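Coordinate inspection notes
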Amino acid sequence: MDKQAKPPVTISHLHDIIHKRTQYEWSRTRSTDWRHKKLLSLSLSWNSIRRSGSSAMPSSSSETLTASRVDCGGGGGGGGGVACAGADNASVANFKLNESTFLASLMPKKEYARIASLKLILTTMVAASVDSGFDPSAAGLHVTSDGKPKVLDVIDCTGSGDIDTSTVVKANEDGLIRGASGAPLLSILHGKTPLESGKERRKIWDEKNQEEIAKAVKILYDFDQKHSKVDDTKLKKTREDLQSRVDFLKKQADKYEDKGPVIDAVVWHDGEVWRVALDTQSLEEDPDCGKLADFSPLTNYRHRKYGVFSRLDACSFVTNVYDEGKVLSIVTDSSPHGTHVAGIATAHHPEEYLLNGVAPDSRLGSMETGTGLTRALIAALEHNCDLVNMSYGEATLLPDYGRFVDLVTEAVNKRRLVFVSSAGNNGPALTTVGAPGGTTSSIIGVGAYVSPAMAAGAHSVVEPPSEGLEYTWSSRGPTSDGDLGVCISAPGGAVAPVPTWTLQRRMLMNGTSMSSPSACGAIALLLSAMKAEGIPVSPYSVRRALENTSTPVGDLPEDKLTTGQGLMQVDKAYEYLKQFKDCPCVFYQIKVNLSGKTTPTSRGIYLREATTCRQSTEWTVQVDPKFHEGASNLKELVPFEECLELHSTDEGVVRVPDYLLLTHNGRSFNVVVDPTNLGDGVHYFEVYGIDCKAPQRGPLFRIPVTIIIPKTVANRPPVISFQQMSFVSGHIERRYMEVPLGATWAEATIRTSGFDTTRRFYIDTLQLCPLRRPIKWEDAATFASPSAKSFAFPVIEFHGIGINKEELILDGSEAPIKVEAEALLASEKLVPVAVLNKIRVPYQPVDAQLKTLSTGRDRLLSGKQILALTLTYKFKLEDAAEVKPYIPLLNNRIYDNKFESQFYMISDANKRVYAMGDVYPESSKLPKGEYKLQLYLRHENVQLLEKLKQLTEIRLNLHSEPDGPVTGNEYSPRICVGGEISYGKLSFDDKEGKNPKDNPVSYPISFVVPPKKPDEDKKAVSSTNSCKSVSERLEQEVRDTKIKFLGNLKQETEEERSEWKKLCACLKSEYPSYTPLLAKILEGLLSRSEGGDKISHHEEIIDAANEVVRSVDVDELARFLLDKSEPEDEEAENLKKKMEMTRDQLAEALYQKGLAMARIENLKGEKEDEGSCQKDKFEENFKELTKWVDVKSSKFGTLTVLREKRLSRLGTALKVLDELIQNENETANKKLYELKLGLLEELGWSHLVTYEKQWMQVRFPTSLPLF
């Protein structure tokens, strides 16, 4: 490799306006970022390693806690000849893998030093893995080395697999019940759960559909052969019907959408335990497989039994029953991530010990939602877990803050739980550690390390690095409040077990998600040894032992921001714990303030801004020793006294006192930081305290001091350049710049030289803003040969455009407003673009329900029961739109939120769920209609939840098109009403693009929609009424009031129906042949339930409809409607409205009469003696209806479908019915889908019948899913 090659560089985009002087970190990395192997040229000297693991939340919402046993029998060696960190790292020239060292590199353990020396470890440990799920059938995760069951429990902490099983269904005399899917079952059905679709199911469906198409085409062909000329109307209709069948079947393949099969679940109590059985026939190819009667019943997984959904998917699952059988939890994994993580920590392969996990005799207990996190922690403590691994995380507003952080800290303090978590995969920029692993004082945050053996073996790199180093994507410290962030490092890649459904036993993944369980397994060995030796187990002493015995990675002080204290060494940590077992178990809490100020409080000193780096500052450090809860006042707290010698790694920059006498009540001291003589770039120092009586203990506490000196851009126009930067594999260059005042974006040009093969570079930038997550931008650039590329992001050449308003508010009722734009740094070409593409509508809850959760999984160990608040909102869409719920107080925060969880669910009147989400709401396309949004919040503090009853507000962001958020489509005013606010962005740039999102600088813009133009004032008294006498007008008002009163009467009981009939008879005698009255009577009959005698009920409807028809002078009505002239005065307009209303009442009567006749015929069945007469009456009525309305319209099309069905033209009936369903704008009509299902059954298309039945469960569920 040409070591002087200068690869391109990437820099992060400035997302918002810069109002104050700040700086950016510019991190340059070569193609050896080790993440995108597929994108590298083969001519490159060695391949980079692709990051396949992640500490970020997996895409699925499933979060599982798996508890497992760790017997800790020595770790299974690790093979000889594997290169280690520091002095043990061999050079590439002397490094060679053999079979054993290659296998050892797939599951790194040698990097920890000699685990085999821990022969004293005999005790059993219990570890919990909080991750994306766990496959109990995965290789190496069945038993420990001494034959004990490895996995103790598997729990779905999110509730995503919960099924409401509170309704009890009794079996009939044949022992059968009807399942929710419609299938007859052999036991009591309590719920159902959908399983995601697979290619196999689609393939089987396509085969059956093609078979039916072939049959339909043959029937059509035979008809054409038999009838060469089709002149007869009846034959034409018959052929149209046959063609419609073919067309319908062909369309189904394009419309196919698999929502997954419906699995019937049966729950019962056998007198001892709750048992569960599933009917999975819909998953199997063979209809005789998957029957409920053949299912081996399961119970809670603590009994160590699991099931497999089907042979096709090979997906394992376990079950748990809660709340006395009212809730069934079906637990499966959402990705291979969780099983892989568990395998790194605890896998045991008797046939190949080199592939064992770090602690192969651990027993596991598997989860990122607030609810999932809390439940996982509760479960881990209920199972008396000794340690927890959590390979999840994300950026945060505030470090060491939030409800979950509080709960973890409480568990660490009270129960001495050791909590290990990943630092994150957002490097190489500094301050990229994620919560909770890299930002929480009570959690051991782990970075990802790679050794030469791992690079050569696991990653198959041709030329591995000469010594171990941190993966470039591993997140770096410090935290925004100055803490180191990364505690220690561990191997960040492994070949570990994965779920069976992946159709392989093991898989290579890398990420801090892998380094965290690797460290957790090693810590399990330490805890097991401590228990065996009688050493008190404390997460405080364990962490100190790990930090003080780690092997440094890198030679520079600032390398600690990358690797923490270094690569953990198990054997040295064990010896440290043995040597200092009698020392107090204390956590030294550090609080740092600028002298003279009480806020803000930090855990270290972090200077980034240019102004703070140009002067000396003095800081006050408070050190408070924290003992575990339950520590004895007289035996531990009162005697605690330590004489500490204070040190600084560079007295020329950071000065501290020489000594500090520390007691239980804590002490403070001052630190003076003088960065004025430092050069540009990052500088790292530490202040630490040493026990004067036992200096071999190493630092008892450390205070990180990070100083970043930015380069000032003084020239105008503001341009800065960096020359002659050389790159080798894995090398990172960082540059820091003070952003000029007024800059709002920047452009960078990167030039490369000195190489002749394709090279790939990764570029990251980061900006820190108060109370905001770090603003990070990353990209990659590929250079085929020495060349230049330009980017639009904040670095190198700065630009700035400012306006005289921070936010533009346009009032639709006012004149246009003036916007003054100013080029702040240099002359700029101005191309303003403004787009309004969203509407923000605030809603208040219409209902609030507060309840206490009953199950044990929602009870904190303090004894407090978690409460749930469900807020209900209602909204209506006049047109289809993209909707995104927004809760300003709660959204986009998991770890740094004091509320435990937030879920929402959007459903229609049929209880069909259109959208579900949590703290990160997403846009969902909703059709026109009325909807209900339920917001679910949890906390144990009832006062906090009571406040949210009054304060919570939901905003719905609506886009005029489905791709609105991406394309920035222009705002469509048809979905906005008066008083609402439409908002978007105003951009200024020299680009011609119309989308403000493409432009570097933008300002928010909002538009207050003016009220709609009111209708013309209606006259108080119409001219027709003014011509009538007072007595006539009074009589008309009395008549209309009586009819209105009749329409409001209830008919729920027999007595009420009797009274209603009496009033109908009275009014008919008083106002004979008055069409509005007769139409109201028909309406009343239709609103009444059919009751017992359905035939009599439909006959009453026919009689009432006939009365309406007879009351209308159809000839006069027809003559009037044929006259298309426009009304010339108000009287003519009123007459037109009256005649149109009469037409509508006539059409409705004919329509309802036809429906009633069809239903009577269906109830009576076909009878030869009266069939033809009845058909004649039906056809006569149908033909009369065609005179007045379009019988294929959405209002009357059902009757057309029934007519075609009566005439045995099922294909035509399906065609009309499908058009009706497609044209539905409101909530889905269940009767139409039931009619479609009946037609498909008559046609014998079983695959479509099954498909529609499954979709019926989605469109019309019996209840909403549980939160």
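- As named in an unreviewed UniProt entry, the chain is tripeptidyl-peptidase II, taken from Brassica napus.

1. Topic: the side chain of S1111
- Residue position: S1111 is located in the loop between α19 (1094-1110) and α20 (1114-1122).
- You can call S1111 buried: its relative accessible area is 16%.
- When neighbours within four sequence positions are excluded, S1111 is seen to be in contact with S1073, T1075 and L1078.

2. Here we look at helix α9 (residues 539-549)
- Buried residues dominate α9, accounting for 11 of its 11 residues.
- Within the sequence span of α9, burial applies to P539, Y540, S541, V542, R543, R544, A545, L546, E547, N548 and T549.
- Capping the start of α9 is the job of one residue whose side-chain oxygen sits 3.1 Å from the backbone nitrogen of Y540: S538.

3. Re the packing of helix α24 (residues 1210-1222) against helix α25 (residues 1230-1243)
- Taken N-terminus to C-terminus, the directions of α24 and α25 make an angle of 155 degrees; their axes are 10 Å apart at the nearest point. Here α24 is positioned roughly antiparallel relative to α25, judged by the angle of their axes. Crossing handedness for the pair α24 and α25: left-handed. Packed against α24, whose contacting residues are L1210, A1213, L1214, L1217, D1218 and I1221, the element α25 presents L1232, Y1233, L1235, K1236, L1239, L1240, E1242 and L1243 at the interface.
- Grouping the constituent residues of the contact of α24 with α25 by class yields 11 nonpolar, no polar and three charged.

4. Focus: the pairing of strand β17 (residues 444-450)
- With seven of seven residues buried, β17 lies mostly within the body of the structure.
- Neither face of β17 is left uncovered, since the one carrying I444, V446, A448 and V450 and the one carrying G445, G447 and Y449 both have all their residues buried.
- As judged from the three bridges shared by strand β16 (residues 418-422) and β17, these two strands associate in the parallel manner. Each residue of the ladder has a partner; that of S421, found in β17, is G445.
- Here β17 runs beside strand β18 (residues 469-470); their pairing, made up of two bridges, is antiparallel. Of the residues in β18, the one forming a bridge with Y449 is E470.

5. Overview of the packing of aromatic side chains
- Under the defined criterion, the tally for this structure stands at 16 aromatic pairs.
- Measuring from centroid to centroid gives 4.4 Å for Y471 and W473, while their planes differ by 25 degrees, and the two rings are stacked.
- Members of the aromatic cluster, connected to one another through ring pairs, are Y843, F875, Y914 and Y931.
- Between the NZ or CZ atom of R857 and the centre of the ring of Y322, over which it lies, the distance is 4.1 Å.
- Directly above the aromatic system of Y401 lies the positively charged group of K898, at a separation of 4.7 Å from the ring centroid.

6. Describing the sheet that holds strand β30 (residues 699-709)
- Pairing within the open sheet is mixed, and its five strands lie in the order β23-β30-β29-β25-β27. Of all strands in the sheet, those with a lone pairing partner are β23 (605-607) and β27 (659-663), marking the two edges. The mean angle between the axes of side-by-side strands here comes to 20 degrees, regardless of whether they run parallel or antiparallel.
- The pairing of β23 with β30 spans three bridges and is classified as parallel. In the sheet register, L607 faces β30, and the bridge partner there is I707.

7. So, a negative patch on the surface
- Side chains of E1126, E1128, D1129, E1130, E1131 and E1133 sit close together on the surface and give a patch of like negative charge.
- Along the chain, the position of E1131 falls in helix α21 (residues 1130-1164).

8. Let's talk about unusual backbone geometry
- A cis amide bond links G427 with the next residue in sequence, P428, at an omega value of 10 degrees.
- Here P428 shows up in the loop between β16 and β17.
- Of the consecutive residues A435 and P436, the connecting peptide bond is found in the cis state with omega at 0 degrees.
- Tracing the sequence through the fold places P436 in the loop between β16 and β17.
- The backbone phi angle of R416 is positive, close to 55 degrees, even though this residue is not glycine.

9. So, the packing of helix α23 (residues 1197-1206) against α25
- Packing of α23 against α25 leaves a shortest axis separation of 12 Å and a crossing angle of 15 degrees. Judged by the inter-axis angle, α23 sits roughly parallel to α25. In the packing of α23 onto α25, the handedness of the crossing is left-handed. Seen from α23, the contacting residues are T1198, V1201, L1202 and K1205; seen from α25, they are L1232, L1235, L1239 and E1242.
- Of the residues belonging to the contact of α23 with α25, the class tally is five nonpolar, one polar and two charged.

10. Observations concerning the nonpolar core
- Ranked by internal contacts, the top residues of the largest apolar core, which has 72 residues, are L1185, V1201, L1217 and W1245.
- Ranked by the residues each element gives to this core, the list is headed by α21, at 11 residues.
- In this structure, L1217 is in contact with V1201, L1232, L1235, K1236 and L1239, ignoring residues within four places of it in sequence.
- If you look at the next biggest cluster of nonpolar residues, it comprises 38 residues, including C157, C385, V412 and L417.

11. Focus: the sheet that holds strand β11 (residues 307-308)
- Spatial ordering of the open sheet is given by β5-β13-β12-β11, a layout of four strands whose pairing is antiparallel. Only two strands of the sheet have a single neighbouring strand rather than two, namely β5 (162-164) and β11.
- In this sheet, strand β13 (residues 327-331) lies alongside strand β12 (residues 316-322) in antiparallel orientation, the contact comprising five bridges. By the bridge assignment, V321 is partnered in β13 with L328.

12. A short note on the confidence of the model for the chain
- Looking at the chain as a whole, its pLDDT mean stands at 77, while 75% of the residues score no less than 70.
- Note that pLDDT drops below 50 for residues 1-62; the model gives that stretch 290 contacts with residues more than four away or on any other chain.
- Confidence drops under pLDDT 50 across residues 1167-1171; counting only partners more than four residues distant or on other chains, this segment forms one contact.

Analysis parameters
- Residues numbered from 1 in each chain as written.
- Predicted model: local features only at pLDDT ≥ 70, side-chain atom pairs only at ≥ 80, totals over all residues.
- Heavy atoms only, no water.
- Helix = DSSP H or I, 4+ residues; strand = E, 2+ residues; numbered from the N terminus.
- Buried < 20%, exposed > 50% of the residue type's maximum accessible area, 1.4 Å probe, protein only.
- Contact = heavy atoms within 4.5 Å.
- Polar contact = N/O pair within 3.5 Å; in protein donor to acceptor, adjacent residues only side chain to side chain.
- Axes fitted to C-alpha atoms, helices over the stretch in contact; angles between N-to-C directions.
- Parallel < 35°, antiparallel > 145°, perpendicular 65-115°, else oblique.
- Left-handed = near helix turned anticlockwise from the far one by under 90°.
- Nonpolar A, V, L, I, M, F, W, Y, C, P; charged D, E, K, R; others polar.
- Pairing = 2+ DSSP bridges.
- Phe/Tyr/Trp six-rings, centres within 6.5 Å; stacked < 30°, edge-to-face > 60°.
- Lys NZ or Arg CZ within 6 Å of the ring centre and 35° of its normal.
- Patch = residues over 30% accessible without salt bridge, like charges linked within 9 Å, V, L, I, M, F, W, Y side chains within 5 Å.
- Areas by Shrake-Rupley, 256 points an atom, 1.4 Å probe, with all protein chains shown as cover.
- Salt bridge = Lys/Arg side-chain N within 4 Å of Asp/Glu carboxyl O.
- Lys, Arg positive; Asp, Glu negative; His and termini not counted.
- Charge placed at Lys NZ, Arg CZ, Asp CG, Glu CD.
- Core = buried A, V, L, I, M, F, W, Y, C linked by side-chain atoms within 4.5 Å.
- pLDDT = per-residue confidence, 0-100.

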